[in-house]
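Listed below, chain by chain, are the residues.
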Amino acid sequence: MTMDDSPTHETGLPPTSRAVVVGLAAVLSSLLFLQTGLGRLLPVVAATGLALAGSLWLAGWERWTAVGHLLASLLVVPTAVGLLAVAGGAIGIAIGGGNTGPGVAAAALVALGGLLSAFGAATAPWGVYDHDRALAAVGLAGRTMVPLTVAAGVSVASGIVRLSSSGDGSGTPLGALLAPVVDLLFAPTPGRTHIAVFCLFLAVVTIAFERAMMSLPLTELLAETTDDADLSDAVESASRALGIASVAAVAVGLLALGIETGRGQAVIADTLPAGLYDLTVSLTGSPGVRQALWTVFVASVVVRLAVWLVQRAARSSADRLATVLAPYVGGSLLAGGLFVVATPLLDALLATVQSAAPAPVAAGVTRLVTPLVGSYGAGLVLLVAGLALLSVTSTAVGCLWLALVTHYLDERNPGVHIGAAGLFGATVFAATMGVSTWLVLAGLVGAVVVWDAGTFGRTLRREVGPAAETRRTELTHAGGTVAVGGVGVALTLVVLDVSRGTLAVAPGTGYVTLVVALFAAIVLAVALR
């Protein structure tokens, strides 16, 4: 199956079946959420289902592939926020309403069912949920993590260097672990020379800078303003000069290492003139100079990695370089955006947690976040949170892909199946929360109608083609399914009316009901396979 921008007669649904699937899923899910007290989550559930479906569609957008991959990578974080908001919101609402274990679990499962129903309703009509798109979305989420991971690593290292230079390097567990090395580099003992360490550090930085400079296409970038031969000679001369400088720095560093450790500061002070000795002490023992060298080293490494990534992408996929690099660009934009809005965004998030979450939870979050912000900055905290969110989306999309690759869902119509299963599960677990009997029965029948209308509509479209007029056939088929379901509902209501008052409810029914509902959901899952 090829990925395309619009549904084909093989993957999409005709308009009438599309309306039945989307309409029933939306109406019944909304009623279930309202009666279970989860109505506040409806906009979040709908937006998250659409975002997840949009990620799959953008991952397979062939007309503007690079743009689609870039937008899909930017959509990863909002999708994860929505997933967590749905789960956390359902649990919070249930706890706030005085529910205990079974009630909380049922509320979370109702929310999950509604989310699956929204996702299915968004993907089934246009056939955007398939193996290729799901696999592409998993890869996009993974590649989007790379820039955030690099930025988080640089942020951690920079925080440790800053703390060490200010004398607080051992204030964090990681800083204490790395203190012997970090303090040697960035917190030198004042009042003495540190020629050996400084020169060796300078040599490493020089080599890294030279490698980064030589990896850049300077000749190609500046060829229009400079003669090619002159520019090439200048670049080669600069490379040789940096190489000689690094070798000289290593030689001086090794010589100074023997003198500083073997003969001591007195020999150096006696050998060097007073002014030169003082300058050497200031230069080699300055934390500011070493932080500047560290900044050059980190920038050189990042540039070298970026150039290597572009070169690797060009060698493997020269004809679609922009497409390969798009998720890395998206991840870089996310990392930069998180750094820019780090402090106000983190303050707003903490204020929201403190006002909305239970007091013990709010206090625990504050105790966890405050020391990290003080040590490493708000940017790192948000980068780590961003990586966690990317992992959430990767897991969710990975599960969608796994359901197809293991043939648990039929790839010919997986959106319909997952939408119907989500509506069924939401209805079953909502029944354990005391919703109206008529709504439970309507939800169960509606789930069957969604599945049947979607399956029949796709089969009909494949057989007669997208141009054929099939509205009357679709309505007749859907009406027949509703009629059959209506007969079952009527019989069920009669049985319930006859048995009302004759059945006793024992303590602990909530747990038993939840187990029965879970068993029914598992039976449906097995039947779908």
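Residues numbered from 1 in each chain as written. Predicted model: local features only at pLDDT ≥ 70, side-chain atom pairs only at ≥ 80, totals over all residues. Heavy atoms only, no water.

**Some points on empty space enclosed by the protein**
One pass over the full model with this rule turns up two cavities of 30 Å³ or more. As a volume, the second largest cavity reaches approximately 50 Å³. In this structure, the second largest cavity is lined by S55, A72, V76, A137, L140, A141, T393 and V397. Elements supplying a minimum of two residues to the lining of the second largest cavity: α6 (131-165) and α17 (378-405). No other element matches the three residues that α6 contributes to the lining of the second largest cavity. When the residues that make up the lining of the second largest cavity are grouped by side-chain class, the tally is six nonpolar, two polar and no charged. (1 Å grid on protein atoms, 1.4 Å probe; cavity = no way out; pocket = protein on both sides within 12 Å on 5 of 7 lines; lining within 4 Å. Points joined across faces, edges and corners; volume = space filled by probe spheres on them. Helix = DSSP H or I, 4+ residues; strand = E, 2+ residues; numbered from the N terminus. Nonpolar A, V, L, I, M, F, W, Y, C, P; charged D, E, K, R; others polar.)

**Thoughts on the environment of L112**
Its place among the elements puts L112 in helix α5 (residues 101-123). Given a relative accessible area of 42%, L112 falls into the partly exposed group. In this structure the C-alpha to C-alpha distance between L112 and A87, which are 25 residues apart in sequence, comes to 7.3 Å. (Buried < 20%, exposed > 50% of the residue type's maximum accessible area, 1.4 Å probe, protein only.)

**Concerning helix α19 (residues 437-464)**
Relative to the 40 Å expected for 28 residues at 1.5 Å per residue, α19 spans 40 Å between its end C-alpha atoms, a close match to the ideal helical length. Two residues or fewer past α19, G465 is found with a positive phi of approximately 90°. (Expected span 1.5 Å × (residues − 1).)

**Describing the packing of helix α4 (residues 76-96) against α17**
Between α4 and α17, whose axes approach to 8 Å, the crossing angle comes to 80°. Viewed along their axes, α4 and α17 adopt a mutual orientation that is roughly perpendicular. Touching V76, V77, T79, A80, V81, L83 and L84 of α4 are L389, L390, V392, T393 and A396, all from α17. Among the residues making up the contact of α4 with α17, the classes are represented as ten nonpolar, two polar and no charged. (Axes fitted to C-alpha atoms, helices over the stretch in contact; angles between N-to-C directions. Parallel < 35°, antiparallel > 145°, perpendicular 65-115°, else oblique. Contact = heavy atoms within 4.5 Å.)

**What to know about the environment of G457**
Within the secondary structure, G457 sits in helix α19. Along the sequence, G457 and V21 sit 436 residues apart, while their C-alpha atoms lie 9.9 Å from each other. Apart from the residues within four sequence positions on either side, G457 is in contact with L13, P14 and S17.

**Considering unusual backbone geometry**
With phi around 65°, H407 is a residue other than glycine that occupies positive phi space. By the secondary structure assignment, H407 is in the loop between α17 and α18 (414-431).

**Here's the deal with the packing of aromatic side chains**
Here the structure, examined in full by the defined rule, presents three aromatic pairs. With a centroid separation of 5.4 Å and 65° between ring planes, the pair formed by F119 and Y129 is classed as edge-to-face. In this pair, F119 sits in helix α5 while Y129 sits in the loop between α5 and α6, placing the two residues ten residues apart along the sequence. The pair formed by F119 and Y129 is uniform in burial state, with each residue classed as buried. (Phe/Tyr/Trp six-rings, centres within 6.5 Å; stacked < 30°, edge-to-face > 60°.)

**Looking at the side chain of S394**
Of note, S394 is situated in helix α17. Given the relative accessible area of 16%, S394 is considered buried. Within polar-contact distance, the side chain of S394 engages the backbone oxygen of L390 at 2.8 Å. Those residues within four positions of S394 in sequence are excluded, and the remaining contacts are A141, G142 and M145. (Polar contact = N/O pair within 3.5 Å; in protein donor to acceptor, adjacent residues only side chain to side chain.)

**Topic: a nonpolar patch on the surface**
Where nonpolar side chains cluster on the molecular surface, the patch consists of V27, L31, L34 and W438 and spans about 400 Å² of accessible area. When residues in the nonpolar patch are grouped by element, the largest group, three residues, is from helix α1 (residues 15-35). On the secondary structure map, W438 appears in helix α19. (Patch = residues over 30% accessible without salt bridge, like charges linked within 9 Å, V, L, I, M, F, W, Y side chains within 5 Å. Areas by Shrake-Rupley, 256 points an atom, 1.4 Å probe, with all protein chains shown as cover. Salt bridge = Lys/Arg side-chain N within 4 Å of Asp/Glu carboxyl O.)

**Concerning the packing of helix α14 (residues 321-340) against α17**
Orientation of α14 relative to α17, taken along the N-to-C sense of each, is 140°, at an axis distance of 8 Å. Of the possible angle classes, the one that applies to α14 and α17 is oblique. Crossing of α14 against α17: the hand is right-handed. Contact with α14, carried on its side by A335, L338 and F339, involves G379, L382 and L383 of α17 and no other residues of that element. For the contact of α14 with α17, the residue count by class is five nonpolar, one polar and no charged. (Left-handed = near helix turned anticlockwise from the far one by under 90°.)

Remember that the coordinates give geometry; whether it matters functionally is a separate question.
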